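# Architecture and fold: a report
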Amino acid sequence: MKRTFDTEEKIIVENNRISKDGVEWVINPYDEYAIEEGIKLREEFGGEVTVACIGPSEAEKELRTALAMGADKAILVEVDEDELQGDEHTTAQLLASLLKDRPFDIILAGNVSVDNGAGQVAPRVAELLDIPQVTTITHLTVDADQNKATVERDVEGDVEIVEISLPALFTAQQGLNEPRYPSLPGIMKAKKKPLESIQLGDLKLEQQDLAAKTEVVEVFLPPEKKAGRILEGELEDQVKELAHLLHSEAKVI
Amino acid sequence: MFIHLTEEQELIRKTVREFAEKEIAPVSEKLWEEQQFPYEIWAKAGELGLIGLPYPEKYNGGGGDWLSFVIVLEELARIDCAVANALMANSSAASLINHYGTEEQKEKYLKPILTGEKIGAIGLTEPNAGSDAAAIQTSAVLDGSEWVINGSKIFISNSDNEITGPVVIAAVTGTKENGRSEISNFIIPNGIEGFSYGRKLNKIGWRASSTGELFFDQVRVPQENLLGQRGAGLRQTLSTISTGRILIAAMGLGILQGSLDRSMAYMEERKAFGKPLTDLQALRFKVSDMATHTHAARLMIYHAASLRDAGKPFDKESSMAKLFATEKAMEAAHQAIQIHGGFGIMSEYAVSRAFGDAKVLEIVEGTSEIQREIISRLLFQ
Amino acid sequence: MYSNVLVLAEVKHGHVRNVTFETIAAARTISADGQITAALFGTDMNGYAEELIYHGADRVVLVPDAALNQYTTDGYRQALLQLIDERQPDAVLLGHTAQGRDLSPRIAARLNSGLISDVIEVKMSEGKPEFIRPIYSGKAFSRKRAKDGDGPLVVTVRPNNIPVLARDVSRQVDVQEIPVEIKDLRTVVREVIQKTSEGVDLSEARVIVAGGRGVKSADGFKPLQELADVLGGAVGASRGACDAGYCDYSLQIGQTGKVVTPDLYIACGISGAIQHLAGMSNSKVIVAINKDPEAEIFKVADYGIVGDLFEVVPLLIDEIKQMVH
């Protein structure tokens, strides 16, 4: 799970970076689908759902939300993002190192984060753990006896039906489920659920394992869009004018 | 003493806000238009644990605090006050049964109204007895092992719909030594013989809340449907009414916040005389007042609720909070429409629908005049 | 500068995908004098090699293994890793497509390499390749560079953003086959259900006609589809329309949903919530049709018509049909 800006937030760039002042944080919406799917699997098969997050200590709030939704445990690998200077490689190394000694049947993640939007971390983790994956899934059926799963995945609008052996990693696409609201009793119980905080030093990683493979040189906003033209006159004339403009001025048709 | 909300309470607010914006806001106008009770929303609110939040877990409640419940009502009323009222009126019935009911009564009548399966109602008001509750005329006469009830009730929230559970009503069971009526409370199951509803009441506010007129014609209930002690009816009702006032105040706060949010959003996007409405001082001052009143009302209400949670006296504080929050809500609803101009009159705009709701709040659970009476009585005692 | 760049080509519906040509163009920018090798996976792919060369590849390698006729993570992963081992490229470029998104992180992780995903612009700055990619779904951009990695840099290129190189049929066609060994596939694709109409994919569509809550019903999308057909485009939707059940979530454009950059985006009955704008505001030309003159969508539109989409769209269809004739 990653915490991200609320999708309603406007983006402000200050000193060549995105300003985090006064921002509303949420669970990355795609990760919310993953959490919901985990809880649903637990309801069907039993077992335990653990939500793991790499982030600052403030991410505890989003982890508590996941616990309130119904996850059983949470793990926060506390990092100072400014100090770490990492990229997707770094995050994947941290996660893989956290997960490799813990038992799991299924790893669920969002298919992409709505901030960085690279969609790298989950498949990277699957590779580092040497397990198979299916990304952008919209339906998951687990056959616990056969230790396999059948999934539907969204492939640019078409649907692929894939069989996969477990353990495996899946990334959630929109449509997988409808994440539940945390219930109020769930919120009150979340406080008592275990939230394990792990420091960077607790993971057996060398500095060189974590060094970023890419760097951001600049962060900038798109050019201000000029106000467009609202056409006037009779509707039919407006449509004629529009078709003409698209053809001769904008040259797109 | 209340200083700031806990992380849990903040998360409760966030959850209820999201629920209200996603599940209620899109249907709010339709509910208003059709004066339709929101069954689906009620069931979902039950699933989320909104309805029974401050009641014991033993009876399917959430075991939570009243301040959290205040936040629930505030956030619901910010979007739709009528939906909030369904929870509020249900809570009035729940409070009475929870405090004075026997174990059997709680099992049978309290549990289903804390989960959203049923909805509870409380019937005190009669055509000739509003603020003057001791003047009720509905009577209950013991006949063998049964009470026989005759009379009528009016303006009863949550009554007359498919999932109405028990209605807790007050009835005269005799005359006291001082000549006054002896009033007792009864749990009346919905749908029993002789218990009928009158015409549908059309209202200018709380339109999505089902408001019924109740008739009792030789209604027979077993002796064990008496709630608590005979003759304790008014005392029981009075003991829970301060809590009810905090909840009504919370709904006023919801209207205040909603009016403020909608006014600001409108002023930021709407232009007049070539500039945004936010440039007009006359309008800016209106939202300044709204924001200040919202803040003050919030402090008063949260303080009263935290006194309640701490087991301290809170009658005066709850009356003050109710008086202030509902009167300021009325003012804010009025100004929000003014800011919206012609659009503000249209029922598709939430500000217009909140107007009638705000008016209801100044009347129910003790009118503003009654609150002033109570406050002055407590000041001079 | 890179001297040896490998591009994984994609074929869909019997054509080399345009994004592959765009990726070759990107490869050329970071490797002006180097060699660009395009790889085609699967049997009977020989016929596509020519076009890859004409669009700027120096050499095409065929990996004619039947296990690669259908994309699987495991199969493509093994094949590409063996190919990289064989060719030793210093950069590997893929389209930022369903396939590229699924495969590239695994390749990068295995090779301990950096991966710059979803690139919309490539340029050289002081002799160093730089990659521009959207963040926050296009509300902002970041300019990235590779740091020293153990393996080749991996890059995925977003469709529809980088101009393809001029097609040059005089280029020497150089094709070679490289066998690979593929085993132990842990996933099996049982079935592929085609849902997209006419094979016009949203992420690659040159024209998108999108509907919002104003479309009012599933039927309301019909005129939009007709307009899209006339323009050779695809239909998209706002979250509002998807939430209301008017259409499938696979059509959703926005911060949760697809991010698109077509040449022409026609927004019908879409108010323009910030999440939606994030998904489409970088389109080249935006047309907004909405009844509400105050709708946010007009702020990003190049051309706007204030009116009922059910009146405007049919008129527009007629008008464009006439222009075509």
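Presented here is a report on the structure given in the accompanying data block. Everything numeric in this text was worked out from a predicted model, so none of it was measured. (Residues numbered from 1 in each chain as written. Chains lettered and ligands numbered in written order. Predicted model: local features only at pLDDT ≥ 70, side-chain atom pairs only at ≥ 80, totals over all residues. Heavy atoms only, no water.)

### A word on the overall build of chain A
The secondary structure content of chain A amounts to eight helices and 14 strands. By principal-axis analysis of the C-alpha atoms, chain A measures approximately 65 × 45 × 40 Å. Looking at the 253 residues of chain A, the share that counts as buried comes to 55%. Sequence-distant contacts, at least 24 apart, represent 65% of the contacts inside chain A between residues at least 6 apart. Of the roughly 11,700 Å² of accessible surface on chain A, 46% is carried by carbon and sulfur atoms. Side chains of chain A carry 27 positive and 51 negative charges; the gap between the two charge centres is 3 Å. (Helix = DSSP H or I, 4+ residues; strand = E, 2+ residues; numbered from the N terminus. Buried < 20%, exposed > 50% of the residue type's maximum accessible area, 1.4 Å probe, protein only. Contact = heavy atoms within 4.5 Å. Areas by Shrake-Rupley, 256 points an atom, 1.4 Å probe, with all protein chains shown as cover. Lys, Arg positive; Asp, Glu negative; His and termini not counted. Charge placed at Lys NZ, Arg CZ, Asp CG, Glu CD.)

### Describing the side chain of B:Asp80
Residues and elements named next belong to chain B. Take Asp80: it is sitting in the loop between helix H3 (66-79) and helix H4 (81-100). Within polar-contact distance, the side chain of Asp80 engages the backbone nitrogen of Ala82 at 2.9 Å. If we ignore the near neighbours within four places in the chain, the residues touching Asp80 are Ile24, Ser28 and Leu31. (Polar contact = N/O pair within 3.5 Å; in protein donor to acceptor, adjacent residues only side chain to side chain.)

### Some thoughts on the packing of aromatic side chains
For the coordinates displayed, the defined rule picks out 15 aromatic pairs over all chains. Ring geometry for A:Phe5 against C:Tyr136: centres 5.1 Å apart, planes inclined by 45°, an arrangement best described as tilted. With A:Phe5 in strand S1 (residues 3-5) and C:Tyr136 in the loop between strand S9 (128-135) and strand S10 (140-146), this residue pair bridges two chains. Judged by relative accessible area, A:Phe5 falls into the buried class, the value being 2%. Taking the relative accessible area as the measure of exposure, C:Tyr136 reaches 10% and is therefore buried. Aromatic side chains A:Phe220 and C:Phe141 sit 5.6 Å apart centroid to centroid with 25° between the ring planes, which places their arrangement in the stacked category. Placement of the pair is A:Phe220 in strand S13 (residues 214-220) and C:Phe141 in strand S10, with the two residues belonging to separate chains. (Phe/Tyr/Trp six-rings, centres within 6.5 Å; stacked < 30°, edge-to-face > 60°.)

### Here we look at the pattern of salt bridges
The tally for this structure, following the rule as stated, stands at 62 salt bridges over all chains. Salt-bridge contacts for B:Glu126 lead to B:Lys153; the nearest nitrogen and oxygen are separated by 2.8 Å. Taken together, the positions of B:Glu126 in the loop between strand S1 (119-123) and strand S2 (139-143) and B:Lys153 in strand S3 (residues 146-157) put the pair 27 residues apart, joining distant regions of the chain. Across this residue pair, the class does not change: B:Glu126 and B:Lys153 are buried. A salt bridge links C:Asp263 to C:Arg206; the nearest nitrogen and oxygen atoms lie 3.7 Å apart. Separated by 57 residues along the polypeptide, C:Asp263 in the loop between helix H6 (239-243) and strand S16 (264-268) and C:Arg206 in the loop between strand S13 (187-193) and strand S14 (207-211) bring together distant segments of the chain. (Salt bridge = Lys/Arg side-chain N within 4 Å of Asp/Glu carboxyl O.)

### Here we look at the sheet that holds S10(C)
Strands sit in the order S13(A)-S10(C)-S9(C)-S8(C) across an open sheet of four strands; the sheet is antiparallel. Looking along the sheet, the strands with just one partner apiece sit at the ends: S13 of chain A together with strand S8 (121-125) of chain C. Shown here is a sheet whose adjacent strand axes are inclined to one another by a mean of 30°, direction ignored. As judged from the five bridges shared by S8(C) and S9(C), these two strands associate in the antiparallel manner. Among the inter-strand pairings, C:Val122 is bridged to a residue of S9(C), identified as C:Phe131. Each of S8 and S9 of chain C is contacted by helix H1 (residues 18-30) of chain C, which is oriented at about 10° to S8(C), the strand it contacts most. (Pairing = 2+ DSSP bridges. Axes fitted to C-alpha atoms, helices over the stretch in contact; angles between N-to-C directions.)

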